[in-house]
Amino acid sequence: MDVYGLIGNPVGHSLSPPMHEAGYEALGLDARYVTFEPPRDGAAAAVEGAADLGVAGLNVTIPFKQDVLAAVEPDSLARRIGAVNTVDFSGETPTGHNTDAVGATRALHAHDVSLSGTAVVVGAGGAGRAVAFGLADEGMEVRIANRTESKAHDLAADVPDATGHGLGSLADLLADADVLVNATSVGMEEDATPVPAEALHGDLGVLDAVYRPLETRLLRDAEAVGATTVDGAWMLLYQGVEAFERWTGRDAPVEEMNDALRSRL
Ligand code: ATR
């Protein structure tokens with residue numbers, strides 16, 4: 001039996017176990033997906049311990065995504081993002097990957113949103129960073145807008161063909177944009193949006209990384225103007241699908257994994 005898992009602290013609320021196990025079941029794989037909660041300074045020890053125990057793959061979440069980087073051989077995207085969310089133990093040394101970036105682009109792609117032209121990413125934290133690199137790797141011009149404008153400039157300096165802005169410029173930034181991603185936590189706790197409704201238009205593909213609730217105010221506003229909307233569960237799904245495919249070498253049963261995820265949201 002192959003053992004996969006997730007390290008995080010706290011980790012209890014994760015939807016990854018049912019999502020991945022639905023995938024194993026659909027393909028008839030003899031595998032389990034379990035959660036581990038190492039101490040907050042224990043990222044490297046957890047990766048070493050997992051390798052010793054024969055764990056086949058690990059997902060990594062808060063607060064370990066940066067610390068794990070030093071315990072693995074990161075691929076170029078994970079190194080540039082500066083964070084690892086997927087570890088693969090199949091080689092001589094554990095390798096580190098970041099499937100959050102591709103999770104966002106695959107979620108948009110699956111909704112027929114063309115990844116060419118200009119993208120506006122709202123948020124310059126860990127999620128914004130991964131999304132900005134993912135869209136830039138697709139060849140998009142990326143405009144990063146953040147409440148703390150200096151963080152947008154810092155991130156833009158790392159991402160090819162990107163610029164940094166404050167939230168006050170959103171209407172201008174969006175006027176001729178093709179894609180909008182909310183990578184802030186706004187919309188999670190209250191029915192709020194970081195983007196003024198009047199800045200949205202029907203030619204946008206809009207992804208909200210927030211998945212609790214699924215129907216955020218941003219997505220409702222975007223739908224009202226005829227934009228293509230993609231909720232945060234799609235991004236969560238595709239970061240998992242990408243990890244699943246790396247670990248198992250099989251095409252993931254996306255529909256079954258999606259059903260398992262959505263039935264719990
Ligand atoms: P994550 O790893 O999920 O990206 P994070 O690193 O804490 O989490 O980043 C949170 C993001 O949400 C940041 O871009 C933050 O903006 P600041 O850099 O200015 O803090 C953004 N954010 C959080 N609350 C916000 C709010 N009320 N309005 C606008 N942006 C907010």
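Residues numbered from 1 in each chain as written. Predicted model: local features only at pLDDT ≥ 70, side-chain atom pairs only at ≥ 80, totals over all residues.

Taking an unreviewed UniProt entry as the reference, the protein chain is identified by name as Shikimate dehydrogenase (NADP(+)) belonging to Halosimplex aquaticum.

(A) How the structure looks around the nonpolar core. In terms of nonpolar packing, the biggest core is built from 87 residues, with Val 121, Ala 132 and Val 181 touching the most fellow members. For this core, the element with the highest residue contribution is helix H9 (residues 232–248), accounting for ten residues. Both domains that furnish three or more residues to this core are identified here as domain 1 (2–97 + 234–262) and domain 2 (101–230). With near-sequence residues (within four places) excluded, Val 121 lies in contact with Gly 128, Val 131, Ala 132, Leu 135, Val 142, Ile 144, Val 181 and Ala 183. (Core = buried A, V, L, I, M, F, W, Y, C linked by C-beta atoms within 7 Å. Buried ≥ 20, exposed ≤ 12 C-beta atoms within 10 Å, placed from the backbone. Helix = DSSP H or I, 4+ residues; strand = E, 2+ residues; numbered from the N terminus. Domains from an automatic or database assignment. Contact = placed C-beta atoms within 7 Å.)

(B) Seen up close, the UniProt feature "binding site: shikimate" (unreviewed entry) in the protein chain. Annotation from UniProt places "binding site: shikimate" (unreviewed entry) at Ser 14, Leu 15, Ser 16, Thr 61, Asn 85, Asp 100, Tyr 211 and Gln 239. Its place among the elements puts Ser 14 in the loop between strand E1 (2–7) and helix H1 (16–27). Owing to 15 C-beta atoms within 10 Å, Ser 14 belongs among the partly exposed residues under this scheme. Ignoring any residue separated from it by four or fewer positions in sequence, one finds Ser 14 in contact with Leu 6, Gly 8 and Thr 35. (UniProt positions renumbered as here; feature names shortened; annotations may be inferred.)

(C) Structural detail: the site of the ligand. Neighbouring residues of the ligand: 15 residues in total, closest Gly 125, Gly 126, Arg 147, Thr 148 and Thr 184. Among the elements that line the shell around the ligand, the one with the most residues is helix H5 (residues 126–137), at three residues. Across the shell around the ligand, the residue classes tally to five nonpolar, eight polar and two charged. (Near = placed C-beta within 6 Å. Nonpolar A, V, L, I, M, F, W, Y, C, P; charged D, E, K, R; others polar.)

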